[in-house]
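# Fold and contact review
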Amino acid sequence: MSLEPVETSATPARASRLVPIIAGVSALLLSGLIGMLVMSSSGDNRFAIDEAWAEFMVSVRTPFGEWFSYVMNAVGGGVIGVFIVPVGAAIVLLIVRRPWGALYFIVASAASAGVVQVLKHLFGRVRPEDMIVVSDFGSFPSGHVANAATIAVVIGVIVPRAWVWVVGAVYTALMAFSRTYLGAHWLTDTLGGALAGAGVALLLWAALAGPLERERVAWGERRRALVD
């Protein structure tokens, strides 16, 4: 009896999971590496680009820019970002019969927040002096940006459309901009946060790839049946 058919069918599944695993691990390692480089760079624990970007952000502050950044601050963190957004998204996914998607959203959000807190306490980086918003302990990495990147990847996986990934990337970039605009983070904090958040979401995607894909296909078939 030949085992070739079994091996052929299993190879694509193994390959498809290998990509997010490699990408996720690489992103998390890069985030940690940036943190180590930042904390060993100088006595002030920052790169020259951090100083230059922080000064630029202060120089371009406007009432509208501050308002926009405060809105992003509320949406990306606190009660709204940490509880309302993930729980609300999970409820919507359950309503449309995507329970694995709901589980993925909740677990990824919680795991991302946990990783961020571990890194914050590991590095203990001091925040910029020109901060105009109240924030918790630790500047590296940015929790708001990590949360945004996690959401961007999760929604991109659940609804795999090019425009969804583009919107997610733009949202993450705007969140990073707003965090430095408010002086809550250094530029490298936002990069580390984006890598950490995306890395967590990618690894969980690999772990749940099978049921998520089956659920996505079933959801698509239900939608086509309704249209027909």
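Cut-offs used in this document
Residues numbered from 1 in each chain as written. Predicted model: local features only at pLDDT ≥ 70, side-chain atom pairs only at ≥ 80, totals over all residues. Heavy atoms only, no water. Core = buried A, V, L, I, M, F, W, Y, C linked by side-chain atoms within 4.5 Å. Buried < 20%, exposed > 50% of the residue type's maximum accessible area, 1.4 Å probe, protein only. Helix = DSSP H or I, 4+ residues; strand = E, 2+ residues; numbered from the N terminus. Salt bridge = Lys/Arg side-chain N within 4 Å of Asp/Glu carboxyl O. 1 Å grid on protein atoms, 1.4 Å probe; cavity = no way out; pocket = protein on both sides within 12 Å on 5 of 7 lines; lining within 4 Å. Points joined across faces, edges and corners; volume = space filled by probe spheres on them. Nonpolar A, V, L, I, M, F, W, Y, C, P; charged D, E, K, R; others polar. Patch = residues over 30% accessible without salt bridge, like charges linked within 9 Å, V, L, I, M, F, W, Y side chains within 5 Å. Areas by Shrake-Rupley, 256 points an atom, 1.4 Å probe, with all protein chains shown as cover. Axes fitted to C-alpha atoms, helices over the stretch in contact; angles between N-to-C directions. Parallel < 35°, antiparallel > 145°, perpendicular 65-115°, else oblique. Contact = heavy atoms within 4.5 Å. Expected span 1.5 Å × (residues − 1).

## Structural notes on the nonpolar core
Within soluble globular proteins, side chains that are nonpolar generally end up buried alongside one another. With 20 residues, the main nonpolar core has Tyr-104, Phe-105, Val-153 and Val-154 as its most contacted residues. Elements represented by at least two residues in this core include exactly helix 4 (78-95), helix 5 (99-123), helix 6 (143-158) and helix 8 (187-227). When residues of this core are assigned to their parent elements, the largest contribution, seven residues, is made by helix 8. Formed by eight residues, the second largest nonpolar core is a distinct cluster that contains Val-38, Leu-119, Phe-123 and Ala-196.

## Brief notes about the pattern of salt bridges
Applying the stated criterion across every chain yields a total of four salt bridges. With its nearest N and O atoms 2.5 Å apart, the salt bridge here joins Asp-189 to Arg-125. Of this pair, Asp-189 sits in helix 8 while Arg-125 sits in the loop between helix 5 and helix 6; the two residues are 64 residues apart in sequence, bridging distant segments of the chain. One salt bridge connects Glu-213 with Arg-216, and the closest N-O pair in it is separated by 2.7 Å. You can see Glu-213 and its partner Arg-216 sitting in helix 8, three residues apart, about one turn around the helix. When its relative accessible area of 37% is taken as the criterion, Glu-213 is described as partly exposed.

## Remarks on the layout of surface pockets
Any empty space left between atoms is shown by rolling a water-sized probe over those atoms. The space that makes up the largest pocket amounts to roughly 430 Å³. Lining the largest pocket are 27 residues, with Gly-76, Gly-77, Val-82, Ala-113 and Gly-143 sitting closest to its centre. If you tally residues by element for the lining of the largest pocket, the top one is helix 5, at eight residues. A volume near 240 Å³ is recorded for the second largest pocket. Mapped onto the lining of the second largest pocket, the elements with two or more residues apiece are helix 1 (4-39), helix 6 and helix 8. Residues belonging to the lining of the second largest pocket are distributed by class as follows: eight nonpolar, two polar and four charged.

## Structural notes on a nonpolar patch on the surface
On the surface, Phe-64, Trp-67, Val-71, Val-75, Val-79, Ile-80, Val-82, Phe-83 and Ile-84 cluster together into a nonpolar patch covering about 870 Å² of accessible area. Those elements that provide at least two residues to the nonpolar patch are helix 3 (63-76) and helix 4. When residues in the nonpolar patch are grouped by element, the largest group, five residues, is from helix 4. Looking at the secondary structure, you find Ile-80 in helix 4. Among the residues examined, Ile-80 registers a relative accessible area of 35% and is labelled partly exposed.

## Thoughts on the packing of helix 6 against helix 7 (residues 162-181)
Two elements in contact, helix 6 and helix 7, have axes whose closest approach is 9 Å; the angle formed by their N-to-C orientations is 175°. With respect to helix 7, the axis of helix 6 lies roughly antiparallel. Each of His-144, Val-145, Ala-148, Ala-149, Ala-152, Val-153, Ile-155, Gly-156 and Val-157 in helix 6 lies in contact with helix 7, whose residues at this interface are Val-164, Trp-165, Gly-168, Tyr-171, Thr-172, Met-175, Ala-176 and Arg-179. Of the residues in the contact of helix 6 with helix 7, the class split is 12 nonpolar, four polar and one charged.

## A look at helix 6
Given a rise of 1.5 Å per residue, 16 residues ought to cover 22 Å, and the 22 Å separating the end C-alpha atoms of helix 6 matches this to within 8%. Within helix 6, 14 of the 16 residues are buried, which leaves it mostly tucked inside the rest of the structure.

## Section: unusual backbone geometry
Across the chain, the bulk of peptide bonds are trans and the bulk of non-glycine residues have phi less than zero. The amide bond that connects Phe-140 to the next residue, Pro-141, takes the cis arrangement and shows omega of -5°. Looking at the element boundaries, Pro-141 is found in the loop between helix 5 and helix 6. Here Arg-97, not a glycine, exhibits a phi torsion of approximately 65°, which is positive. Its place among the elements puts Arg-97 in the loop between helix 4 and helix 5.

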